Amino acid sequence: MRSVKFLLAMTLAIAASSVFAQTVKIGFITSYSGLNGNLGPYMERAVRLYIKQHEKELPPGVKIELITRDDTGPNPDKAKQLAQELIVRDKVHLLAGVIFTPNALAIAPLATEAKVPFIIMNAGTSVISTRSPYIVRTSFTLWQSSFPLGTWASRKFKTAYSLVSDFGPGHDAETAFSQAFEAGGGKIVAKVRVPLQNPDFAAYMQRVKDAKPDTLFVFIPAGKTATAVLKNFSDLGLASAGIKLIGPGDITTDEELPNMGDVALGVTTMFHYSAAADRPANKAFVAAWKKEYGANETPNFLSAGSWDGTALIFEAIKQQKGKLDPDRTMEIFKNWKFANSPRGPISIDPETRDIIQNEYLREVRKVGGQLANVEIETFATALKDPWKELQKKK
Ligand code: PHB
């Protein structure tokens, strides 16, 4: 009798758990090694911190499982293989993360084929989101920063030199900046594309110095590469030659400012996120980050993209009570609005599945003895990806 009761209880418990327990599996691909491999944790930590703070809002019985994978830097073959395994073997409901454009492009067809929504939390080349209807992007595009920067620069400078990394986001940054700078009456004296891995920045900086432009526009992937640019710019005497360094915020990424030192002072950038922004939502985000990870730690723009991407995922989980249908999930993503992101109000453009956000003009200054990207002006409000907007007009 006792064992019958026990069996019955067990059966009921198993049945109940299969009805009520629902684990949402997220396949999270980012870079923990290779070029700028220190950046992966800036994304993962943001996702984990969001989950920790908001877990209690999940429907009863719903859990999130984050399965992390290292794509080893810009490595599309590796990224594709990882995504395939996450889909087929781990049966993830969502794919997320990804720093580098070539990796995002390699994963896109798999997201379409398997109908797995893919939340891009960094990679910024405009075309990416057109490559799968299952892509949504919570980061930025290079057009969003570099196009308004070109407009701003055309009011300040007559001549500009453009130097970018030779891959997708670099090409976008170069085109966006040049178009806006020339439309505003500026003249581009040279456009140089440097290898993504280990470029000889000293040699390039010498050529820039010899060309004597009013300003040097740079895009390189954020992280250690940005510090190398700043160091060479300073060492070769470009600042003292009166050349002004500008670019998207990737070149003065928040976490590298202490490594850059005072050479970064005065560098002007256009971007959607600064850890120094004094919006209450950002102050709370930075404070929570320091509490969780240490007083000397700071989030950066990859953290902001991942934080907001996780907020977006939560919305889909909550609305569907943990049972995710891919098409319904994409509909929820397309209509998502978040008034209180650390970067200000944001939403997803339902037509393109790209983010709509403000762009801030910033300057590196010292605040309380520490270098900071100080937001000077909201240069563009609720900006859609300019590349897609211009395509529509053609
Ligand atoms: C990209 O590959 O899209 C990318 C990488 C690093 C950045 C920005 C964009 O800082």
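For the structure, check the block above.
The sections below set out a description of the structure shown in this document. (Residues numbered from 1 in each chain as written. Predicted model: local features only at pLDDT ≥ 70, side-chain atom pairs only at ≥ 80, totals over all residues. Heavy atoms only, no water.)

### Some thoughts on the packing of helix H3 (residues 76–88) against helix H4 (residues 101–114)
When two helices pack together, you describe them by how their axes are tilted relative to each other and by the distance separating the axes. Between H3 and H4, the shortest axis-to-axis distance is 8 Å and the interhelical angle comes to 30°. Taken together, the axis directions place H3 and H4 in an arrangement best described as roughly parallel. Crossing of H3 against H4: the hand is right-handed. Along its contact with H3, which presents Pro76, Ala79, Lys80, Ala83, Gln84 and Ile87, the element H4 presents Pro102, Asn103, Ala106, Ile107, Leu110 and Ala114. When grouped by side-chain class, the residues that make up the contact of H3 with H4 number 9 nonpolar, 2 polar and 1 charged. (Axes fitted to C-alpha atoms, helices over the stretch in contact; angles between N-to-C directions. Helix = DSSP H or I, 4+ residues; strand = E, 2+ residues; numbered from the N terminus. Parallel < 35°, antiparallel > 145°, perpendicular 65-115°, else oblique. Left-handed = near helix turned anticlockwise from the far one by under 90°. Contact = heavy atoms within 4.5 Å. Nonpolar A, V, L, I, M, F, W, Y, C, P; charged D, E, K, R; others polar.)

### Comments concerning empty space enclosed by the protein
The final tally for this structure, using the stated rule, is 1 cavity of 30 Å³ or more. Counted as a void, the largest cavity has a volume near 130 Å³. Lining the largest cavity are 17 residues; nearest its centre among them are Ile99, Asn122, Phe219, Pro221 and Asp250. Taken together, the residues of the lining of the largest cavity break down into 13 nonpolar, 3 polar and 1 charged. (1 Å grid on protein atoms, 1.4 Å probe; cavity = no way out; pocket = protein on both sides within 12 Å on 5 of 7 lines; lining within 4 Å. Points joined across faces, edges and corners; volume = space filled by probe spheres on them.)

### What about helix H2 (residues 40–54)?
With 15 residues, H2 extends 22 Å between its outermost C-alpha atoms, agreeing within 8% with the 21 Å of an ideal straight helix rising 1.5 Å per residue. As for H2, its buried residues are in contact with strand E1 (22–30), strand E2 (62–70), strand E3 (94–97), helix H10 (280–293) and helix H11 (301–319). (Expected span 1.5 Å × (residues − 1).)

Remember, this is a structural readout, not a statement about activity or role.
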